[in-house]
Amino acid sequence: MNPNFKKELKAVGLDVDRAIRDYYIGNEDMFERIVMSILNEPDLIKETLDAIEKNDAKVGFNATHVLKSELGYFCFDKVNNNVKLACEIFRKGICEGAKELIEEVKDDYYEFINILKKYTK
């Protein structure tokens, strides 16, 4: 893994070393391949915010449920803690309170995405 890539991921809040150790059996290449694959996924932050605007807790739940899994495997706790809380709000069938949680971390999430784009091969 490019040391600068790793350094930038750490700077945005990913615990890269823990992720590689705990979820990718020490394999940096596997981690890099999987973390880069998120660029092929839908924008789940946008999907979540759109669901909130439409007061659609089901769509919000589905988006945050997938997002919390992805972020969990990358040890992106800084963002994932709020995503988990939003997911639990949606699980109750409501949207109230979720927007603030997502808005609070969306810039960090998009900074992460921009780092991935920067290092796309």
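Described below are features of the structure shown in this document. (Residues numbered from 1 in each chain as written. Predicted model: local features only at pLDDT ≥ 70, side-chain atom pairs only at ≥ 80, totals over all residues. Heavy atoms only, no water.)

**A word on the overall build of the protein**
Consideration 1: Along its length, the protein carries 7 helices and 0 strands.
Consideration 2: When the helices and strands of the protein are placed in sequence order, the string is α-α-α-α-α-α-α.
Consideration 3: The globule rule puts the C-alpha radius of gyration for 121 residues at 14 Å, and the 14 Å found for the protein is close to it.
Consideration 4: Taken along its principal axes, the extent of the C-alpha atoms in the protein is 40 × 25 × 20 Å.
Consideration 5: A burial count over the protein gives 43% of its 121 residues as buried.
Consideration 6: Taking as baseline every contact in the protein between residues at least 6 positions apart, the subset at least 24 positions apart corresponds to 65%.
Consideration 7: Treating the 19 positive side-chain charges of the protein as one cloud and the 23 negative ones as another, the clouds have centres 2 Å apart. (Helix = DSSP H or I, 4+ residues; strand = E, 2+ residues; numbered from the N terminus. Rg over C-alpha atoms; globule rule 2.2 N^0.38 Å. Buried < 20%, exposed > 50% of the residue type's maximum accessible area, 1.4 Å probe, protein only. Contact = heavy atoms within 4.5 Å. Lys, Arg positive; Asp, Glu negative; His and termini not counted. Charge placed at Lys NZ, Arg CZ, Asp CG, Glu CD.)

**Let's talk about the packing of helix H5 (residues 57–73) against helix H6 (residues 77–91)**
Consideration 1: At a minimum axis distance of 8 Å, the contact between H5 and H6 shows a crossing angle of 150°. As judged from the angle between their axes, H5 and H6 are roughly antiparallel. Note on packing geometry: the crossing formed by H5 with H6 is left-handed. Two secondary-structure elements touch here, H5 through Ala 57, Gly 60, Phe 61, Thr 64, His 65, Leu 67, Lys 68, Leu 71 and Gly 72 and H6 through Val 79, Asn 80, Val 83, Lys 84, Ala 86, Cys 87, Glu 88, Phe 90 and Arg 91.
Consideration 2: Residue composition of the contact of H5 with H6, grouped by class: 9 nonpolar, 5 polar and 4 charged. (Axes fitted to C-alpha atoms, helices over the stretch in contact; angles between N-to-C directions. Parallel < 35°, antiparallel > 145°, perpendicular 65-115°, else oblique. Left-handed = near helix turned anticlockwise from the far one by under 90°. Nonpolar A, V, L, I, M, F, W, Y, C, P; charged D, E, K, R; others polar.)

**A look at the packing of aromatic side chains**
Consideration 1: Applying the stated criterion across every chain, the model contains 8 aromatic pairs.
Consideration 2: Consider the rings of Phe 74 and Phe 112, whose centres lie 6.1 Å apart with planes at 50°: the pair is tilted. Of this pair, Phe 74 sits in the loop between H5 and H6 while Phe 112 sits in helix H7 (residues 98–118); the two residues are 38 residues apart in sequence, bridging distant segments of the chain.
Consideration 3: Given the relative accessible area of 0%, Phe 112 is considered buried.
Consideration 4: Both rings, one in Tyr 109 and one in Tyr 110, keep their centres 5.5 Å apart while their planes meet at 70°; by these two values the pair is edge-to-face.
Consideration 5: Given the relative accessible area of 3%, Tyr 109 is considered buried.
Consideration 6: Overall, Tyr 110 belongs to the partly exposed group, its relative accessible area being 27%.
Consideration 7: An aromatic cluster of at least three residues, connected via ring pairs, comprises Tyr 24, Phe 31, Phe 74, Phe 76, Tyr 109, Tyr 110 and Phe 112. (Phe/Tyr/Trp six-rings, centres within 6.5 Å; stacked < 30°, edge-to-face > 60°.)

**Things to note about the side chain of Lys 6**
Consideration 1: One can find Lys 6 in helix H1 (residues 3–12).
Consideration 2: Classification of Lys 6 by relative accessible area gives buried; the value is 17%.
Consideration 3: Those residues in contact with Lys 6, other than ones at most four positions away along the chain, are Met 1, Val 16, Asp 17 and Glu 28.

**Observations concerning the nonpolar core**
Consideration 1: Leu 9, Leu 14, Phe 31, Tyr 109, Phe 112 and Leu 116 are the most contacted members of the largest nonpolar core, which has 41 residues in total.
Consideration 2: The leading source of residues in this core is H7, at 9 residues.
Consideration 3: Discounting residues that sit within four places of it in the chain, Leu 9 has contacts with Leu 14, Val 16, Phe 31, Phe 112, Ile 115 and Leu 116. (Core = buried A, V, L, I, M, F, W, Y, C linked by side-chain atoms within 4.5 Å.)

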